[in-house]
Amino acid sequence: MAATHQWQAVGEGLHAWIHPIGDWGWSNAGLITGGGEALLVDTQWDERRTRDMLAIAPVPIGERITRLVLTHGDGDHVWGNRAVGADEIIASTATADHLHSEDPGGFARSARLLAAVSKAPIPPLPGPAGRARELGRFARYMTRMTAPWAYGEVRRTGPTRTFDGVLELEVGGRAVRLVDVGSAHSPGDTYVHLPAEQVVFAGDLLFVGVAPVMWIGPVRGWIAALDELRALEPKTVVPGHGPIAGPGELGLLRDYWEWAIGIGADGRNAKLSPAETALQAILDTEHEALPWGSWWSPERLVISLTAMEREAQGRSPIHSLVDRARVMAATAGVAEALRNEGLATTSFGPPA
Ligand SMILES: [Zn+2]
């Protein structure tokens, strides 16, 4: 496995931009070229790294990327949109709504504030000192995640064309299908399928070598999407995060979700919080031997269990900034507890 990010061929005129360790923010992209046309699938988390990626993209000389397809609305897949300079930015309606609900400027300000908090020792407060420790832990976790990125320069751009269900495109005479599976990882997830080449760009419907994150769900919707992807019998699946994969990894993620559904239900019966359930499950002596026992960022199970708990209680998904900050603080707490036990958590990707 390559140690650093690079473009990798996944077929004739098909390439994937791969970060081998695909944890927080280190997302993959796809490129489809042929017949004088070039279409990009997803960007990086900011404009700078999107430009860096495009500077070495295998686009034939004299051609440019005219179309950009977005698999979903998370910033790490769409905040480089402006840097691509495509004539057309295509996304499902749900992805468009999601993209418009996110504010890169607000995110940049929060990141700066948390970076300041993470550097400053928090003075002991009267009352429970644990609160101050929690804030410091949350700030450090967020700062390690956000430090390599220039969100302040990002200008939200696109989409210029939306669809629901399936959109059939052609690039250089070959069929490219965009399939909107509805809500699963995010409020709207789309995969990009090249039927003749049996290649799928799965977006964040697939994570490889790193724990998935489910912000929205339903988890059964995500499992149904994985079954749909497997039914396409792809030879190659480019995940949203992690190395290039195949149908086996789709099945593995399905197994992970069935496991997570089981431990989530047990945790709720035992009146444990998602963070307590996740910590107990990951510290379990049998966890290491599970197929996902060595995945990066195991603490992200907290987020997925929180989404499942809200689903079980009939509550709205994790969406507001406050909800997300709360669940990220709990995730940072579990990461610290795992580190204290000598276990790996998030790598926080390559240095800036
Ligand atoms: Zn992602």
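Residues numbered from 1 in each chain as written. Predicted model: local features only at pLDDT ≥ 70, side-chain atom pairs only at ≥ 80, totals over all residues. Heavy atoms only, no water.

### Considering the nonpolar core
For step 1, the next point in the chain: Within the largest apolar cluster, 83 residues are counted, with the highest numbers of intra-cluster contacts made by Trp257 and Leu301.
For step 2, the next point in the chain: Here this core gathers at least three residues from each of two domains, domain 1 (104–149) and domain 2 (254–340).
For step 3, the next point in the chain: Not counting the four nearest positions on each side in its chain, Trp257 is found in contact with Pro212, Met214, Val219, Trp222, Ile223, Leu226, Ser304 and Met308.
For step 4, the next point in the chain: Within the second largest apolar cluster, 20 residues are counted, among which are Leu39, Leu169, Val199 and Val238. (Core = buried A, V, L, I, M, F, W, Y, C linked by side-chain atoms within 4.5 Å. Buried < 20%, exposed > 50% of the residue type's maximum accessible area, 1.4 Å probe, protein only. Domains from an automatic or database assignment. Contact = heavy atoms within 4.5 Å.)

### Focus: the sheet that holds strand E8 (residues 166–171)
For step 1, the next point in the chain: Spatially, E8-E9-E10-E11-E12 is the arrangement adopted by the 5 strands of the open sheet, whose pairing is mixed. With partners counted over all chains shown, the strands left at the sheet margins are E8 and strand E12 (236–241), one partner each. Across the sheet, the axes of successive neighbouring strands diverge by a mean angle of 25 degrees, strand direction being ignored.
For step 2, the next point in the chain: Relative to strand E10 (residues 189–194), strand E9 (residues 174–182) runs antiparallel, the two being bridged by 5 bridges. Bridging from a neighbouring strand, Asp180 pairs with Thr190 of E10.
For step 3, the next point in the chain: Strands E9, E10 and strand E11 (199–207) of the sheet are contacted by helix H7 (residues 219–231), whose axis makes an angle of about 160 degrees with E11.
For step 4, the next point in the chain: Taken strand by strand, helix H8 (residues 247–269) contacts E11 and E12, and its axis lies near 25 degrees from that of E11. (Pairing = 2+ DSSP bridges. Helix = DSSP H or I, 4+ residues; strand = E, 2+ residues; numbered from the N terminus. Axes fitted to C-alpha atoms, helices over the stretch in contact; angles between N-to-C directions.)

### As for the side chain of Arg177
For step 1, the next point in the chain: Counting through the fold element by element, Arg177 comes out in strand E9.
For step 2, the next point in the chain: A polar contact is formed between the side chain of Arg177 and the side chain of His193, at a distance of 2.8 Å.
For step 3, the next point in the chain: Ignoring anything within four residues of it in the chain, the contact list for Arg177 reads Val166, Leu167, Glu168, Tyr191, Val192, His193, Pro195 and Leu232. (Polar contact = N/O pair within 3.5 Å; in protein donor to acceptor, adjacent residues only side chain to side chain.)

### Observations concerning the pairing of strand E3 (residues 29–34)
For step 1, the next point in the chain: In terms of burial, E3 is a largely internal element, 5 of the 6 residues being buried.
For step 2, the next point in the chain: Where strand E2 (residues 14–18) meets E3, 4 bridges bridge the pair, whose relative direction is antiparallel. The partner of His15 across the bridge, within E3, is Leu31.
For step 3, the next point in the chain: By the bridge criterion, 5 bridges tie E3 to strand E4 (residues 37–41) in an arrangement that is antiparallel. What sits directly across from Thr33, in E4, is Ala38.
For step 4, the next point in the chain: Hairpin connection from E3 to E4: 2 residues lie between these consecutive antiparallel strands, with Gly35 at a positive phi of about 55 degrees.

### With respect to the side chain of Ser304
For step 1, the next point in the chain: Here Ser304 lies in helix H10 (residues 301–312).
For step 2, the next point in the chain: Here Met214 takes part through its backbone nitrogen, which lies 3.1 Å from a polar atom of the side chain of Ser304.
For step 3, the next point in the chain: Leave out the neighbours within four places in its chain, and Ser304 touches Pro212, Val213, Met214 and Trp257.

### A few points about the pattern of salt bridges
For step 1, the next point in the chain: Counted according to the given criterion, the structure contains 16 salt bridges.
For step 2, the next point in the chain: Arg161 is the partner of Glu88 in a salt bridge, and the nearest nitrogen-oxygen pair spans 3.7 Å. With a gap of 73 residues between them, Glu88 in strand E6 (residues 88–92) and Arg161 in strand E7 (residues 161–163) connect regions that are remote in the sequence.
For step 3, the next point in the chain: A residue is classified by how much of its surface remains accessible, and Arg161, at 31% relative accessible area, is partly exposed.
For step 4, the next point in the chain: Residue Arg326 is joined to Asp323 by a salt bridge in which the shortest nitrogen-to-oxygen separation is 3.8 Å. On the criterion of helical spacing, the pair formed by Arg326 and Asp323 is a turn pair, its members being 3 residues apart in helix H11 (residues 321–340).
For step 5, the next point in the chain: Of the residues examined, Arg326 reaches a relative accessible area of 59% and is grouped as exposed.
For step 6, the next point in the chain: Residue classification places Asp323 among the buried positions, given a relative accessible area of 18%.
For step 7, the next point in the chain: Linked by salt bridges that have partners in common, Arg220, Asp227, Arg230, Arg254 and Glu258 make up one network. (Salt bridge = Lys/Arg side-chain N within 4 Å of Asp/Glu carboxyl O.)

### Topic: the coordination of the zinc ion
For step 1, the next point in the chain: Here the zinc ion is held by the protein donor atoms Asp76 (OD), His77 (NE2), Asp204 (OD) and His241 (NE2), which lie 2.1 to 2.6 Å from it.
For step 2, the next point in the chain: In this structure, the zinc ion is coordinated by 4 donor atoms arranged in irregular fashion, with angles at the metal of 83 to 162 degrees.
For step 3, the next point in the chain: Read from N- to C-terminus, the donor residues coordinating the zinc ion fall into the pattern D-H-x126-D-x36-H. Of this pair, His77 sits in helix H2 (residues 75–78) while His241 sits in strand E12; the two residues are 164 residues apart in sequence, bridging distant segments of the chain. (Donors = N, O, S within 2.8 Å, 3.2 Å for Na, K, Ca; no water. Tetrahedral: all angles 85-135°; square planar, octahedral: opposite > 155°, others 65-115°.)

### Quick word on the domain arrangement of the protein chain
For step 1, the next point in the chain: One can read the domain layout of the protein chain as domain 1 (104–149) and domain 2 (254–340).
For step 2, the next point in the chain: One C-alpha centre belongs to domain 1, the other to domain 2; they are set 22 Å apart.
For step 3, the next point in the chain: Of the roughly 700 Å² buried between domain 1 and domain 2, counting both surfaces, carbon and sulfur atoms make up 67%.
For step 4, the next point in the chain: Put simply, Glu336 and Arg137 hold a salt bridge, and the shortest N to O gap is 3.4 Å.
For step 5, the next point in the chain: In this structure, the connection of domain 1 to domain 2 is made through 2 residue pairs in polar contact (both at pLDDT 80 or more).
For step 6, the next point in the chain: Taken together, the residues of the side of domain 1 that touches domain 2 break down into 4 nonpolar, no polar and 2 charged. (Buried area = accessible area lost by both parts, 1.4 Å probe. Nonpolar A, V, L, I, M, F, W, Y, C, P; charged D, E, K, R; others polar.)

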